[in-house]
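The primary structure of each chain is shown beneath.
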Amino acid sequence: MVIIMQPDATEENIADVVKTIEGVGLEAKIMEGAQQKIVGVIGDKAKMASVAIGAMAGVESSVAISKSYKLASREFHPQSSIIDIDGVKIGGAEPVIMAGPCAVESREQILETAEFVKKSGAQFLRGGAYKPRTSPYSFQGLEVEGLKYLAEARERTGLKIITEVTTVEGIAPVAEYADVMQIGARNMQNFGLLKEVGRCGKPVMLKRGLSATIDEWLNAAEYIMNAGTTDVILCERGIRTYEVYTRNTLDLSAVAAVKHLSHLPIIVDPSHGTGRWRMIKPMALAAIAAGADGLMMEVHPNPAKAMSDGSQSLTEEHYFDLMESVRKLSKFMREENLNPIVH
Ligand code: PEP
Ligand code: MN
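Residues numbered from 1 in each chain as written. Chains lettered and ligands numbered in written order. Predicted model: local features only at pLDDT ≥ 70, side-chain atom pairs only at ≥ 80, totals over all residues. Heavy atoms only, no water.

### Some points on the site of ligand 1
The immediate surroundings of ligand 1 are formed by Arg126, Lys131, Glu164, Gln182, Gly184, Ala185, Arg186, Lys207, Arg237 and His272. Measuring from an oxygen atom of ligand 1, one finds a side-chain N or O atom of Gln182 at 2.9 Å. Protein burial of ligand 1: of its 300 Å² of free accessible surface, 97% is covered by the chains. Grouping the amino acids of the shell around ligand 1 by side-chain chemistry returns 1 nonpolar, 3 polar and 6 charged. (Near = heavy atom within 4 Å. Polar contact = N/O pair within 3.5 Å; in protein donor to acceptor, adjacent residues only side chain to side chain. Areas by Shrake-Rupley, 256 points an atom, 1.4 Å probe, with all protein chains shown as cover. Nonpolar A, V, L, I, M, F, W, Y, C, P; charged D, E, K, R; others polar.)

Shown next, in the form of C-alpha cells:
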C-alpha cells in the first residue's frame, strides 16, 4: 500500500502517519513524489484494516499495490530512481557505460583494458573474478587475486568496479573490492544469495535469468530490496528462445516493459544478449534508443586469445567506434528531448 499525502501536508502529519503504520507492526518508507510526499507501507496489508488511515490529517488517498513485488514497482515509487554511486548516476540523463573483459585473466590484461575503457569515457570497469561457467573444466576465475587487480585498475583510472558474486561466501570478499555487486543470470532466482547480497550494503546489479519472465525478474529484485538495499539496477542480457544463430535473444522490449512496471534503472548487455561481436553495436544503439539507462559490454585487448567469451568481445578499435556512435545518439536524444519512455 502507498499513502499519498496532500501537497500541503506538514512534517507532523507525515510523522503521525508513520507512527500509525509502525504502531500496527508495519514498516513505513517516506518517498518524494513529484508534488507531494508518499509513504510506502511494507508488510502484510491486512494489518492496516484496523486503522482509518484515509481519515488522518494530511492524507489525500491510499492505494493498494496490485503487484506481488512492491518496493520494485512504479506504483510504490512513481519517480524513476537514480542510483548514485559516488557521483556516477545510474538512471540519470546520460547512459552509464560498463565495459571490460568477460573474466579478469591477468594483471596486465585488466590494467591494459582499464586504460582503454577509461579513455573511451566509460564509468565502470567490468570483469569476472568468480566465473559461473557451463563446464567445470573451463576457467573459473582468479577469485581474490582477480579482485585485487580490479582494485588496482580502479586506483589507476578512477573507474568504478562491477564484478559478479556467485555464492554467499563470496559476498564479503567481493563487497570489499566492488562498487557494484553483480548477480548473474544463472543466480537470478538463487533466493538465499539475493537475500544476503541485499544485506551487504552495496548497490546490486541483477541480470535477468536465462528463462525468466519480467515478473519473475522484478520479484527477484524485490528479494534484494526487501533485504535492505534500495540500490538495485536491472540488466537485460538476453533470454533463451528457439533461435540458435545468436547465443540468446536480446529482449529490448523488456526495457519498455520495465520502465512501465518499475522505477529501477535498466542496463542492457548486448554482448551476452547476442554472443556475436558484430551485433553489439547495432543492439547497443537500439538499447539506448529504447530508453536503457546504460550498457554493459565485453571488450578485450585480444579477443582471439580471450579465456572466455572472445567471440562476443570487442577490440579496442571496434569499441571506440561504438562509443562514438553511442555518444552521438544519446546527445541527439537529449538535445531533441527524445524520450522513448511512455508512462
Ligand atoms: C557476465 O556478465 O559476466 C555473465 C556471466 O553474464 P550472464 O550472467 O548474463 O550470463
Ligand atoms: Mn561473459
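### Notes on helix H2 (residues 107-119)
In this model, H2 (13 residues) spans 18 Å end to end at C-alpha, consistent with the 18 Å of a helix rising 1.5 Å per residue. Those residues of H2 that sit buried are Gln109, Ile110, Leu111, Thr113, Ala114, Phe116 and Val117. Check the buried side of H2 and you find it contacts strand S7 (96-100), strand S8 (124-126), helix H3 (144-157) and helix H10 (316-335). Taken from the residues just after H2, Gly121 is the one with a positive phi, measuring 95 degrees. (Helix = DSSP H or I, 4+ residues; strand = E, 2+ residues; numbered from the N terminus. Expected span 1.5 Å × (residues − 1). Buried < 20%, exposed > 50% of the residue type's maximum accessible area, 1.4 Å probe, protein only. Contact = heavy atoms within 4.5 Å.)

### Digging into the side chain of Thr163
For Thr163, the location among the structural elements is in strand S9 (residues 160-164). Overall, Thr163 belongs to the buried group, its relative accessible area being 1%. Within polar-contact distance, the side chain of Thr163 engages the backbone oxygen of Gly127 at 2.6 Å. Leave out the neighbours within four places in its chain, and Thr163 touches Gly127, Gly128, Ala129, Leu147, Leu150, Val174, Ala178, Val180, Met181 and Gln182.

### Remarks on the packing of H2 against H3
Between H2 and H3, the least distance of the axes is 9 Å, while the angle of their chain directions is 35 degrees. Two packed elements cross with a definite hand, and for H2 against H3 that hand is right-handed. Taken together, the residues of H3 that come into contact with H2 (itself represented by Arg107, Ile110, Leu111, Ala114, Glu115 and Lys118) are Tyr149, Leu150, Glu152, Ala153, Arg156 and Thr157. Tallied by class, residues from the contact of H2 with H3 come to 6 nonpolar, 1 polar and 5 charged. (Axes fitted to C-alpha atoms, helices over the stretch in contact; angles between N-to-C directions. Left-handed = near helix turned anticlockwise from the far one by under 90°.)

### Observations concerning the sheet that holds strand S4 (residues 59-63)
One open sheet holds the 4 strands; their spatial order is S2-S3-S1-S4, and the pairing between them is antiparallel. Either end of the sheet is taken by a strand with one partner, and the two such strands are strand S2 (27-32) and S4. In this sheet, neighbouring strand axes are inclined to one another by 20 degrees on average, regardless of whether the strands run parallel or antiparallel. By the bridge criterion, 6 bridges tie S2 to strand S3 (residues 37-42) in an arrangement that is antiparallel. Residue pairing in the sheet places Lys29 in a bridge with Gly40 of S3. Against the sheet, helix H1 (residues 11-23) makes contact with strand S1 (2-5), S2, S3 and S4, and its axis sits at roughly 5 degrees relative to S3, the strand it touches most. (Pairing = 2+ DSSP bridges.)

### Details of the coordination of the manganese ion (ligand 2)
Note on the manganese ion (ligand 2): its protein donors are Cys102 (SG), His272 (NE2), Glu298 (OE) and Asp309 (OD). The metal-donor distances range over 2.0 to 2.4 Å. Taken in sequence order, the residues that donate to the manganese ion (ligand 2) follow the motif C-x169-H-x25-E-x10-D. Of this pair, Cys102 sits in the loop between S7 and H2 while Glu298 sits in strand S14 (residues 294-298), placing them 196 residues apart in sequence. Take Glu298: its relative accessible area is 1%, and that puts it in the buried class. (Donors = N, O, S within 2.8 Å, 3.2 Å for Na, K, Ca; no water.)

### Re the pattern of salt bridges
Counting across every chain of the model gives 18 salt bridges. Among the salt bridges present, the one from Glu75 reaches Lys67, with a minimum N-O distance of 3.2 Å. Members of the salt-bridge network, linked through shared partners, are Arg107, Glu152 and Arg156. (Salt bridge = Lys/Arg side-chain N within 4 Å of Asp/Glu carboxyl O.)

### A few points about unusual backbone geometry
Not every positive phi belongs to a glycine, and Asp86 is a case in point at roughly 50 degrees. Mapped onto the elements of the fold, Asp86 is located in the loop between strand S5 (83-85) and strand S6 (88-90). Exposure remark for Asp86: the relative accessible area of 68% places this residue in the exposed category. Even without being a glycine, Glu143 presents a positive backbone phi close to 55 degrees. Tracing the chain through its elements places Glu143 in the loop between S8 and H3.

### What about the packing of aromatic side chains?
Overall, the coordinates contain 3 aromatic pairs when judged by the stated rule. On the basis of an interplanar angle of 25 degrees and a centroid distance of 4.4 Å, the ring pair of Phe191 and Tyr223 is categorised as stacked. Linking Phe191 in helix H5 (residues 191-197) with Tyr223 in helix H6 (residues 214-227), this pair joins segments that are 32 residues apart in sequence. Using a relative accessible area of 31% as the deciding quantity, one classes Phe191 as partly exposed. (Phe/Tyr/Trp six-rings, centres within 6.5 Å; stacked < 30°, edge-to-face > 60°.)

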